[in-house]
Amino acid sequence: MAGELGRLGVTVTAMEPGGCSATVSLPDVARLNLELRIATRVLVRRAHFAARALGELERKAGLLPWAEWLPAGLPVVLRVSCKKSRLYHQKAVAERIGNAIRSSTGLETTAAGGETEGEPESADDTPHQLIVVRFHRDECTISCDSSGALLHRRGWRLATAKAPLRETLAAALLAASGWDPATPLLDPFCGAGTIPIEAALLARRIAPNLERSFACERWPGFDTTAMAALRAAARARMLPAAPAAIIGADRDAGAIVAARSNAARAGVAADIEWREAAVSALEPPPGATGSVVTNPPYGVRIGDTRDLRNLYARLGSVARAHLRGWQVTLLLGETPLERSTGLSLRQVLTTRNGGLRVRVLTGPVPDTPIEGIDQVDRPPGR
């Protein structure tokens, strides 16, 4: 994420597990929501103070200019986490912060669950303003969520396949792979098409969140004219087509139907070639080398780990036979299925996917034949 912020001209001031910090202007907050591909949400830190008792917390929270931050008439949701602090009861902290907000603005507040790893999706799409309260070692940090719905909700993925991949994680996978959009990309386990679609958006320089709104647009004093200018500038940077081939393949016909539908909604239908094909029938586009970036089944939600070893061995054999010189990047669980590929892959990232710990591994396919394992037996008719 720090690298993505750097490419957007933002200097990171601090790193922490699951995020990073930077000092930016309010227009920059809107721009980051529009342009960031990997981030889950953008929080704006509004206050930081020490508090060791509930009375002290409510008194200090009551001095904050809540009316300058919160949209009139919109309910407020408080998400509280407490770690290594005298104030450890999340509901009590939420109640005192809520009292301060009601006294200042008259707005109603409700308490959500504390923060959990992986930023859970809310089932409630009713407009509201999320306030994130973090206590750590008796220090309270209060932040306003500027994003609204989590940023992976681009608006185009209405059709899904088995074990769908969040758009933000697909973007992180592409970033970790080092893929150059001027070169071909191939996803042999594309499912509903999230990786190829995110790749096409990146290749065409389409802002990932161009067609959705954000919580900060409802804030008091927000400059809607500036937001319109940001969207216009983003549209002006778009390329008319992806510069290289992007291919999504899956043996599941239903997945390919879903992928085509999602690509059309994302505006990149013409940039991606979809194939209904098993990995053993994989063929790259002619010409230059490129990248395989994929989220294969890894035996947790789909498939049995023992049965998957053959699938990974087949992927490795196909790569050595037809993708010499290409870069392969896989999203995998903790089971070392990558060993079955016979490829030299190194771990470059660990994160969470649907609450599960996952790893990103990447490495080159040898550009010279390996005797005895470079022939691929293809099933008849594929």
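Residues numbered from 1 in each chain as written. Predicted model: local features only at pLDDT ≥ 70, side-chain atom pairs only at ≥ 80, totals over all residues. Heavy atoms only, no water.

Peer 1: Lay out the overall build of the chain in plain terms, naming residues and giving numbers.
Peer 2: Looking only at helices and strands, the chain features 10 helices and 14 strands. For 382 residues, the compact-globule formula gives about 21 Å, and the C-alpha radius of gyration of the chain, at 23 Å, lands near that figure. Considering only C-alpha atoms, the chain reaches an extent of 75 × 45 × 35 Å along its principal axes. Burial analysis of the chain (382 residues in total) assigns 48% to the buried set. (Helix = DSSP H or I, 4+ residues; strand = E, 2+ residues; numbered from the N terminus. Rg over C-alpha atoms; globule rule 2.2 N^0.38 Å. Buried < 20%, exposed > 50% of the residue type's maximum accessible area, 1.4 Å probe, protein only.)

Peer 1: Residue-level account of the pairing of strand β14 (residues 356–364), with values.
Peer 2: Successive residues of a regular strand alternate their side chains across the two faces of the sheet. Both strand β12 (residues 327–332) and β14 contribute to a ladder of six bridges, which runs antiparallel. In the sheet register, valine 328 faces β14, and the bridge partner there is glycine 363. Where strand β13 (residues 346–353) meets β14, seven bridges bridge the pair, whose relative direction is antiparallel. When the sheet's bridge partners are listed, leucine 349 is paired in β14 with valine 360. Between the antiparallel neighbours β13 and β14 lie two residues, among them glycine 354 with a positive phi of about 60°. (Pairing = 2+ DSSP bridges.)

Peer 1: Before we move on, can you summarise the environment of isoleucine 272 with the specific residues and values?
Peer 2: Structurally, isoleucine 272 is set in the loop between α9 (253–266) and β10 (273–276). For the pair isoleucine 272 and valine 93, spaced 179 residues apart in sequence, the C-alpha to C-alpha distance is 50 Å. Not counting chain neighbours up to four residues away, the residues in contact with isoleucine 272 comprise Pro196, Ile197, Ala200, Ile246, Gly248 and Ala263. (Contact = heavy atoms within 4.5 Å.)

Peer 1: Lay out the nonpolar core in plain terms, naming residues and giving numbers.
Peer 2: One finds Ile197, Ile246, Val268, Ile272 and Trp274 to be the most contacted residues of the largest nonpolar core, which totals 55 residues. Not counting chain neighbours up to four residues away, the residues in contact with isoleucine 197 comprise Trp156, Ala192, Ala259, Asn262, Ala263, Ala266, Val268, Ile272 and Trp274. Formed by 45 residues, the second largest nonpolar core is a distinct cluster that contains Leu34, Ala51, Ile97 and Val133. (Core = buried A, V, L, I, M, F, W, Y, C linked by side-chain atoms within 4.5 Å.)

Peer 1: So what about helix α5 (residues 90–105)? Which residues, and what values?
Peer 2: When the terminal C-alpha atoms of α5 are compared, their 22 Å separation across 16 residues agrees well with the 22 Å that a helix rising 1.5 Å per residue should span. Looking only at α5, the buried set comprises Ala92, Val93, Ala94, Ile97, Gly98, Ala100 and Ile101. Residues of α5 that are buried in the fold lie against α3 (54–62), α4 (66–69), β4 (76–83), β5 (109–112), β6 (129–136) and β7 (139–145). (Expected span 1.5 Å × (residues − 1).)

Peer 1: Could you give an account of the sheet that holds β13, naming the residues involved and the relevant values?
Peer 2: Spatial strand order, β10-β9-β8-β11-β12-β14-β13: seven strands in an open sheet with mixed pairing. Unpaired on one side and paired on the other, β10 and β13 mark the two borders of the sheet. Neighbour to neighbour, the strand axes of the sheet diverge by 20° on average, direction disregarded. Direction of pairing for strand β9 (residues 246–250) relative to β10: parallel, over a ladder of four bridges. Each bridged residue has a counterpart across the sheet, and for aspartate 250 the counterpart in β10 is glutamate 276. Its contacts with the sheet place helix α6 (residues 167–177) against β8 (185–187), β11 (291–294), β12, β13 and β14, and it is angled at close to 145° to β12. (Axes fitted to C-alpha atoms, helices over the stretch in contact; angles between N-to-C directions.)

Peer 1: Please provide a residue-by-residue account of the sheet that holds strand β3 (residues 43–50), values included.
Peer 2: Note on sheets: strands pair through backbone hydrogen bonds, and any given pair is parallel or antiparallel. Spatially, β3-β7-β6-β4-β5 is the arrangement adopted by the five strands of the open sheet, whose pairing is mixed. Of all the strands in the sheet, the pair left with one neighbour each is β3 and β5. Between one strand and the next, the sheet's axes are offset by a mean angle of 25°, whatever the strand orientation. One ladder, built from seven bridges, connects β3 with β7; its direction is antiparallel. By the bridge assignment for β7, arginine 45 is matched with serine 143.

Peer 1: I'd like a rundown of the pattern of salt bridges, residues and numbers included.
Peer 2: This model, assessed by the stated rule, comprises 16 salt bridges. Among the ionic pairs, aspartate 145 bridges to arginine 41, the shortest N-O distance being 3.0 Å. Here the residue aspartate 145 occupies a position in strand β7, and arginine 41 occupies one in the loop between α2 (26–35) and β3, the gap between them amounting to 104 residues. On the basis of relative accessible area, aspartate 145 is assigned to the buried category, the value being 2%. The shortest N-O distance in the salt bridge between arginine 359 and glutamate 338 comes to 3.0 Å. A residue pair is termed long-range when its members are at least 10 positions apart, and arginine 359 in strand β14 and glutamate 338 in the loop between β12 and β13 qualify at 21 residues. Glutamate 338 carries the same exposure label as arginine 359, and that label is buried. One network of salt bridges, with partners in common, ties together Arg52, Arg86 and Asp138. (Salt bridge = Lys/Arg side-chain N within 4 Å of Asp/Glu carboxyl O.)

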